[in-house]
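Coordinate inspection notes
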Amino acid sequence: CYVYNKYTFGGFQPRFPHMHHLLAVLCLVAVVYKLTILLRKRRDAFRHMEPFPGPPAHWLFGHVLEFKQDGEDLYKVVKWGQKYPYAFPMWFGPFVCFLNIHHPDYVKTILASTEPKDNFAYRFIESWIGEGLLVSKGQKWFRHRRLLTPGFHYDVLKPYVKLMSDSANTMLAKWERYAKTGESFELFEHVSLMTLDSILKCAFSYNSNCQTEGGTNAYIQSVYELSNLINLRFRTFPYHNDLIFYFSPHGFRYRKACKVAHNHTAEVVRKRKEALKQEKEPGYIQTKRNLDFLDILLCARDENQQGLSDEDIRAEVDTFMFEGHDTTASGISFILYCLACHPEHQKKCRDEIMQTLEGKDSMEWDDLSKIPYTTMCIKESLRLYPPVPGISRHVTKPLTFFDGRTIPAGCNVGTSIFGIHRNPTIWENPDVFDPLRFLPENVSMRSPHAFVPFAAGPRNCIGQNFAMNEMKAVVALTLKRYQLIEDPDWKPKIIPRLVLRSLNGIHIKIKPVDYDV
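Residues numbered from 1 in each chain as written. Predicted model: local features only at pLDDT ≥ 70, side-chain atom pairs only at ≥ 80, totals over all residues. Heavy atoms only, no water.

Per an unreviewed UniProt entry, the recorded name for the protein is aromatase, and the organism is Sphaeramia orbicularis. The heading Subcellular location (unreviewed entry) in the UniProt record of the protein holds the text "Endoplasmic reticulum membrane". Taken verbatim from the UniProt record of the protein, the Cofactor (unreviewed entry) comment is "heme". (UniProt positions renumbered as here; feature names shortened; annotations may be inferred.)

Take the sheet that holds strand β5 (residues 185–186) next. Within a sheet, neighbouring strands are paired by backbone hydrogen bonds and run either parallel or antiparallel to one another. Across the sheet, three strands lie side by side as β5-β13-β10; this open sheet has antiparallel pairing. Of all the strands in the sheet, just β5 and β10 (482–486) have a single pairing partner and so form its edges. As paired elements, β5 and strand β13 (residues 507–512) share two bridges and run antiparallel to each other. Residue pairing for β13: E186 is matched across the bridge by H507. (Pairing = 2+ DSSP bridges. Helix = DSSP H or I, 4+ residues; strand = E, 2+ residues; numbered from the N terminus.)

Moving on: the UniProt feature "binding site: heme" (unreviewed entry) in the protein. According to UniProt, the positions carrying the feature "binding site: heme" (unreviewed entry) are C461. For C461, the location among the structural elements is in the loop between α19 (440–443) and α20 (464–481). Using a relative accessible area of 28% as the deciding quantity, one classes C461 as partly exposed. (Buried < 20%, exposed > 50% of the residue type's maximum accessible area, 1.4 Å probe, protein only.)

For the rest of this paragraph, the subject is unusual backbone geometry. For S205, which is not a glycine, the phi torsion comes out positive at approximately 45°. Summarising the element assignment, S205 is placed in the loop between α9 (187–204) and α10 (218–235). Despite not being glycine, N429 shows a phi value in the positive range, around 45°. Here N429 lies in the loop between α18 (417–421) and α19.

Our next topic: helix α16 (residues 343–357). Over its 15 residues, α16 runs 20 Å from end to end, which matches the ideal 21 Å to within 8%, given 1.5 Å per residue. Buried residues of α16: H345, Q346, C349, R350, E352, I353, T356 and L357, and no others. Buried positions in α16, seen along its axis, are confined to an arc of 165° and lie on one side of it. Lining the buried residues of α16 we find α15 (310–341), α17 (372–384), α20 and β10. Two residues or fewer after α16 comes E358, characterised by a positive phi angle close to 50°. (Expected span 1.5 Å × (residues − 1). Arc of directions from axis to C-beta. Contact = heavy atoms within 4.5 Å.)

With that settled, the discussion passes to the packing of α17 against α20. α20 packs onto α17 with a crossing angle of 115° between their chain directions and a minimal axis gap of 10 Å. Considering only the axes of α17 and α20, their crossing is right-handed. Along the contact surface, α17 presents T374, T375, I378 and L382, while α20 presents M468, M471, K472 and V475. The residue inventory of the contact of α17 with α20, partitioned by class, reads five nonpolar, two polar and one charged. (Axes fitted to C-alpha atoms, helices over the stretch in contact; angles between N-to-C directions. Left-handed = near helix turned anticlockwise from the far one by under 90°. Nonpolar A, V, L, I, M, F, W, Y, C, P; charged D, E, K, R; others polar.)

When its volume is computed, the largest pocket comes out at roughly 770 Å³. Among the secondary structure elements, those contributing two or more residues to the lining of the largest pocket are α1 (19–48) and β4 (96–101). In terms of residue count, α1 provides more of the lining of the largest pocket than any other element does, seven residues in total. The residue inventory of the lining of the largest pocket, partitioned by class, reads 15 nonpolar, seven polar and four charged. Estimated volume of the second largest pocket: approximately 340 Å³. (1 Å grid on protein atoms, 1.4 Å probe; cavity = no way out; pocket = protein on both sides within 12 Å on 5 of 7 lines; lining within 4 Å. Points joined across faces, edges and corners; volume = space filled by probe spheres on them.)

Cross-referencing UniProt, the feature "transmembrane region" (unreviewed entry) maps to residues 20–39 in the present numbering. With 100% helix and 0% strand, the stretch residues 20–39 has end C-alpha atoms that lie 28 Å from each other.

Quick look at the sheet that holds strand β6 (residues 390–394) now. With respect to topology, four strands assemble into an open sheet ordered β3-β4-β9-β6, the strand pairing being mixed. Edge positions in the open sheet fall to β3 (87–92) and β6, since each of these has one partner strand only. Going across the sheet, the axis of each strand differs from the next one's by a mean of 30°, ignoring polarity. Sheet topology note: the β3/β4 ladder contains six bridges and is antiparallel. Residue pairing for β4: P89 is matched across the bridge by L99.

At a closest axis distance of 12 Å, the pairing of α9 and α20 adopts a crossing angle of 125°. Relative to α20, α9 is oriented oblique. α9 and α20 meet at a crossing whose hand is right-handed. Across the interface between the two elements, M194, T195, S198, I199 and C202 from α9 touch F466, E470 and V474 from α20. Taken together, the residues that form the contact of α9 with α20 break down as five nonpolar, two polar and one charged. (Parallel < 35°, antiparallel > 145°, perpendicular 65-115°, else oblique.)

Here it is, written out as structure tokens:
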């Protein structure tokens, strides 16, 4: 379709000179079509949210400009919740709207269902963690949940407590220099390394030495980078488009961080598969070491004797590598911070722990149930600083709440766990640290959905017992060894990422425990 012409560049010109006009028209039609769909989506969202008044939104940016990323954003959502009870709409750009719910009676309705995670925010992390339990839906989610549940049976979790204790003691030994100097130090970095070390030992029988090797851990840095970039993409509505984000500088950084994370998990799986070539029978595995999560992942079979594909295995490993260390790191860091700020509760925990451990330097399975006051302090910290401050679902059928208000299929519903945990209609003096809220007689007077740090219902966190065990073990061994002291110069500026973090870190001081006092 080209003819030679000596007066054109390169000697060729199109035989159809008006082709570029046709292409321009087609592009214009495509843009108009896409814009029409988006405008219809915006109109429908306004109509669906009519029963739910909320804070005024900018016509283009929605509520995005209200969030300054200054450590006050989550508290702003709580204030909105006081003005708009139960639920209110939140707009992220001109076309994306979530119904934000912040009351147990509302959250019960959505969490009791098997509705999938939303197809907007969670879509941004699929290229990192794949379609693992966190984001999968339908029969795939149901099958994977059934196959992986044995990996969290208490018989599997029991031997993990010793491994968690070993990882915690490695971290605490490194803290001796801070105890000698009395200088303030940042918790999250240390705790992240410890929880990564712990999940690798427990779930994957992989000794990484990540706590003792020098330099910054590349995997942890990649998780931090990915979390920030996913949050940025959610807040920047042009980045909602895959093509725009892909060719942006942030998209390049995202792919680079993804590669680091994937290489890390691929190495773990590769080494295990090599070992399993010589260990064909699960019984033989157990004679060498404890059966772990990765064993169950690789050997799982459904009723048709079908296992998980290589892609499925990688997705679940990526999911549990991230969720098994980053969420617990957030939880433990804020627990230690809360105890540093409340020495009277810290002392009660320490007295209980000393009596339980009786001089031991390691926690054991039976010890976990012997520290009820410490457990209440852990839960109170999880209430004030939930590691996952919010989750969201996509409604596939009409959903009616207890007060008669309804949302139709196709809506996205966000559950503000932070908002529920700070709701003053549920919790008296919600910003006060009070572990006695979790005395059995007080718990029985509240809705079971008033405290949901691990979500609730059929899609609750499959690893919540693992996480609670690790938090108990780490807190107990830390308080046995050190007295935690608040640093008034460093108040955390909390921000919602994939997990709860602090803009300026989480700082405390420590000193050795004086056993004579």
